[in-house]
Amino acid sequence: MAKLKRKEYDELLQPLQLELAAMARWVQHSGQRLLVLFEGRDTAGKGGAIQTISEHLNPRQCRVVALPKPTDREATQWYFQRYASHLPAAGEIVLMDRSWYNRAGVERVMGYCSETEYQQFLRQAPVFEQLLVDDGILLFKYWLCVDQEQQEKRFAERHVDPLKGWKLSPVDLKSRSKYSAYTEAREAMLRATHRDGAPWTLVDFNDQRLGRLTLARNLLDRLPDTRVDAPLPELPKLKGKLHREHYDVLKPIEDFPVKD
């Protein structure tokens, strides 16, 4: 199947983003708490998917959480502790670019945690998530799927693109030869943590544009009716002549040079 063209993608995306904006108003109006986890292999497209969801939402309401490596102090805490502090409050949306599932993925495959810590995580994660759901948090867990051939193409693109070089970390380079190990870790994770209260949803992201549309549509379809009968405030016309900017103390810097 041919990749989705940009023009067609933009046409299909616009009505979805209008629905996402309506969803955000519903979350705020109803006091709901929405938490969406984005997991997947390196280069799968987590950042682009998150941007699709958040692009037209108020950043004060919709927060993107992408935590760095734990500090020395955090490494001694209960594993879920540093994630719990980022959970949404009433009226908020939190989109996690990787989450506590780091332990079941990169930490497991790269040997950054012990076998005891890993097994403890698989037992505790469903319990932790059920507590969130029981408390009323709307929790959605997405795994973005990508074939190794497509992954290698994206790694190569990052390698030569100076604007994307920051995405290619030493851990990413080490993980390239561990595609099968990551598959095994994902399947073990799904067996242990795919529960009725907090199920996983896998989305094909070999075509990232199609994957973003699929994920956004799925998220919207799984939420209740998000219409809010709250009319927009009126925007009355101002009286008198409109003012131009004027400056006394300082003036703006020169414009960026643009050729005619």
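Quick caveat, the model's predicted, so the values are computed rather than measured.

What counts as what
Residues numbered from 1 in each chain as written. Predicted model: local features only at pLDDT ≥ 70, side-chain atom pairs only at ≥ 80, totals over all residues. Heavy atoms only, no water. Salt bridge = Lys/Arg side-chain N within 4 Å of Asp/Glu carboxyl O. Helix = DSSP H or I, 4+ residues; strand = E, 2+ residues; numbered from the N terminus. Buried < 20%, exposed > 50% of the residue type's maximum accessible area, 1.4 Å probe, protein only. UniProt positions renumbered as here; feature names shortened; annotations may be inferred. Expected span 1.5 Å × (residues − 1). Bend = angle between axes of the 7 residues up to and from the residue. Contact = heavy atoms within 4.5 Å.

Trainee: Which residues make up the pattern of salt bridges, and what values go with them?
Mentor: All chains considered together, the criterion is met by 13 salt bridges. Notably, a salt bridge pairs Glu 152 with Arg 176, separated by 2.6 Å at the nearest N-O pair. Here Arg 176 lies in the loop between helix H7 (170-175) and helix H8 (179-193) and Glu 152 lies in helix H6 (residues 148-160), a separation of 24 residues in the sequence. Looking at Glu 152, the relative accessible area reads 25%, which means it is partly exposed. Assessed through its relative accessible area of 35%, Arg 176 is described here as partly exposed. For Arg 217, the salt bridge identified is with Asp 221, shortest N-O distance 3.0 Å. Residue Arg 217 and its partner Asp 221 are located together in helix H9 (residues 208-222), separated by four residues, close to a single helical turn. Judged by its relative accessible area of 52%, Asp 221 falls in the exposed class. Where salt bridges share partners, they join Glu 19, Arg 217 and Asp 221 into one cluster.

Trainee: Could you give an account of the UniProt feature "domain: Polyphosphate kinase-2-related" (unreviewed entry) in the protein chain, naming the residues involved and the relevant values?
Mentor: The sites that carry the UniProt feature "domain: Polyphosphate kinase-2-related" (unreviewed entry) are, in the present numbering, residues 4-228. Secondary structure across residues 4-228 divides into 50% helix and 13% strand, with the first and last C-alpha atoms of the span separated by 33 Å.

Trainee: Outline helix H5 (residues 115-134), supporting the account with residue identities and numerical values.
Mentor: Taking 1.5 Å of rise per residue, 20 residues should cover 28 Å, and H5 covers 29 Å from first to last C-alpha, within 8% of that figure. By the largest-angle criterion, Gln 124 marks the main kink of H5, which is about 35°, and a proline, Pro 126, follows within four residues. Turning to H5, its buried residues number three or more, namely Tyr 118, Phe 121, Leu 122, Ala 125, Pro 126, Phe 128, Glu 129 and Leu 132. Along its buried surface, H5 packs onto strand S1 (34-40), helix H4 (106-110), strand S4 (138-145) and H8. Following H5 by one or two positions, Gly 136 has its phi on the positive side, about 105°.

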